Amino acid sequence: MIIQEQIQSFLNAKGVDFLHYIDISKLSFEQTQGFKSAVLFGKALSPAYLKKVTSTPHYVAEMIRTKTVESDEFHNTEVATDTWADELAAFIKEKSYKGYSQSEKNIEQSGRYNVTGYITPLPHKTLALLAGLGWIGKNNLLISPQYGSAISMCSVLTNAPITCDNHRILQPQCGHCSICQEICEAHAIKGQLWSLTTHRDAIVDVKQCSTCFMCVVKCPHTIRHFNKPQL
Ligand code: B12
């Protein structure tokens, strides 16, 4: 079985909801560290969880106050997707290729996370845009037609021979909607449309963000995801 098929079955066995192979050879060395390809994958959050967050006032603050983060679905899904990235990178190395996990832990340990600027050189969103997974909303989050912003994603950079499938970058489809700006309790979201030349800080003031998760669950595209009939 060729390495790409092995990566595919490795991640499918973990239960990922989406998986993309991206050619990153045209990005800067600062971003790619010389790797030619990236594997981007992720998991969607459940409608039941999103309904619970939506119907619980100050859900994240309540979770922190009641010390129940360990049972929070987004927290556990983020831990899971990061762990799968670390395991996939180890798996790829076992096959005598190079693999670099972009889990939060590995990014921090390898000095590729600027804590003051809240920036990593190759965000998962950049890879998601190149994969055509969705567009960047006024909430500065990746919005996928299928799941809205209710996803946790991670990525692995590699020199393994994989066939990539880049897409044209989707332009924002927020139009006049600015619900995320209206509901942002920290007034961090500025209602600015994303473009390739728009700096993140013109869209969201990350220093103000209280990570309350409301800009995920109140987005109409996320609401459509958790209100669609469950098969
Ligand atoms: C640092 C960080 C934060 C910081 C700063 C957020 C930020 N927007 O930068 C803080 C702590 C504030 C934060 C908050 C949250 N975060 Co956060 N965060 C990250 C982290 C670790 C790094 C992001 C980064 O490097 N940002 C730097 C800026 C410059 O990049 P970016 O905004 O991510 O993406 C931009 C570039 O891609 C850019 N771009 C620029 N030039 C180019 C060129 C090309 C060619 C392309 C394609 C793109 C591109 O366009 C994008 C939008 O501006 C990522 C995980 C990761 N490694 O990517 C998770 C991540 C972005 N966070 C996530 C989430 C869910 C949240 C929260 C909702 C959590 C909560 N409890 O509320 C909030 C929402 C805040 C918001 N509305 O932005 C998810 C987003 C999922 C999605 N649907 O997009 C991620 C991907 C983690 C995950 N496990 O999935 N986060």
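Residues numbered from 1 in each chain as written. Predicted model: local features only at pLDDT ≥ 70, side-chain atom pairs only at ≥ 80, totals over all residues. Heavy atoms only, no water.

**Some details on the overall build of the protein chain**
On a plain count of helices and strands, the protein chain comes out with 11 helices and 6 strands. In terms of principal-axis extent, the alpha carbons of the protein chain reach across some 50 × 35 × 35 Å. In the protein chain, which comprises 231 residues, the proportion classed as buried is 46%. Across the protein chain, the fraction of contacts at a sequence separation of at least 24, relative to all contacts at a separation of at least 6, is 69%. Accessible surface, the protein chain: about 11,900 Å² in total, of which carbon and sulfur atoms supply 57%. For the protein chain, the distance from the average position of its 22 positive side-chain charges to the average position of its 20 negative side-chain charges is 3 Å. (Helix = DSSP H or I, 4+ residues; strand = E, 2+ residues; numbered from the N terminus. Buried < 20%, exposed > 50% of the residue type's maximum accessible area, 1.4 Å probe, protein only. Contact = heavy atoms within 4.5 Å. Areas by Shrake-Rupley, 256 points an atom, 1.4 Å probe, with all protein chains shown as cover. Lys, Arg positive; Asp, Glu negative; His and termini not counted. Charge placed at Lys NZ, Arg CZ, Asp CG, Glu CD.)

**Examining the packing of helix α1 (residues 3-14) against helix α5 (residues 73-94)**
The contact between α1 and α5 brings their axes to 11 Å, and the two run at 150°. Relative to α5, α1 is oriented roughly antiparallel. Considering how the two elements wind past one another, α1 and α5 form a crossing that is right-handed. Judged by residue contacts, Gln6, Ile7, Phe10, Leu11 and Lys14 of α1 engage Trp84, Glu87, Leu88, Phe91 and Ile92 from α5. By residue class, the composition of the contact of α1 with α5 is 7 nonpolar, 1 polar and 2 charged. (Axes fitted to C-alpha atoms, helices over the stretch in contact; angles between N-to-C directions. Parallel < 35°, antiparallel > 145°, perpendicular 65-115°, else oblique. Left-handed = near helix turned anticlockwise from the far one by under 90°. Nonpolar A, V, L, I, M, F, W, Y, C, P; charged D, E, K, R; others polar.)

**What to know about the pattern of salt bridges**
A pair can form between side chains of opposite charge whenever their charged atoms are brought close. Tallied over the full model, the rule gives 6 salt bridges. Put simply, Asp23 and Lys26 hold a salt bridge, and the shortest N to O gap is 3.8 Å. Relative accessible area serves as the criterion here: at 28%, Asp23 is assigned to the partly exposed category. (Salt bridge = Lys/Arg side-chain N within 4 Å of Asp/Glu carboxyl O.)

**A word on the state of the cysteines**
By the definition in use, this model includes 0 disulfides. Free cysteine Cys164: the closest other cysteine sulfur is in Cys154, separated by 17 Å. Judged by relative accessible area, Cys164 falls into the partly exposed class, the value being 26%. Distance from the sulfur of Cys174, which forms no disulfide, to the nearest cysteine sulfur (Cys180) is 6.5 Å. For Cys174, a relative accessible area of 15% corresponds to the buried category. (Disulfide = S-S within 2.5 Å.)

**Some remarks on the pairing of strand β2 (residues 37-44)**
In terms of burial, β2 is largely enclosed, as 7 of its 8 residues are buried. Summarising the sheet, strand β1 (residues 18-23) and β2 pair through 6 bridges and their orientation is antiparallel. From the neighbouring strand, Tyr21 faces β2, where its bridge partner is Val39. Here 8 bridges tie β2 to strand β6 (residues 151-158), and the two strands are oriented antiparallel to one another. Of the residues in β6, the one forming a bridge with Ser37 is Thr158. (Pairing = 2+ DSSP bridges.)

**Brief notes about the packing of aromatic side chains**
As enumerated under the stated definition, the model contains 4 aromatic pairs in all. Here the aromatic rings of Phe10 and Phe91 are separated by 4.9 Å at their centres, their planes lie at 35°, and the arrangement is tilted. With a gap of 81 residues between them, Phe10 in helix α1 and Phe91 in helix α5 connect regions that are remote in the sequence. Classification of Phe91 as buried rests on a relative accessible area of 15%. Ring centres of Tyr49 and Tyr59 lie 6.0 Å apart, and the angle between their planes is 85°; on these two criteria the pair is classed as edge-to-face. Of this pair, Tyr49 sits in helix α3 (residues 47-55) while Tyr59 sits in helix α4 (residues 59-65), placing them 10 residues apart in sequence. For the pair formed by Tyr49 and Tyr59, the shared burial category is buried. Feature note: the residues Tyr49, Tyr59, Phe74 and Phe213 constitute an aromatic cluster, connected by ring pairs. (Phe/Tyr/Trp six-rings, centres within 6.5 Å; stacked < 30°, edge-to-face > 60°.)

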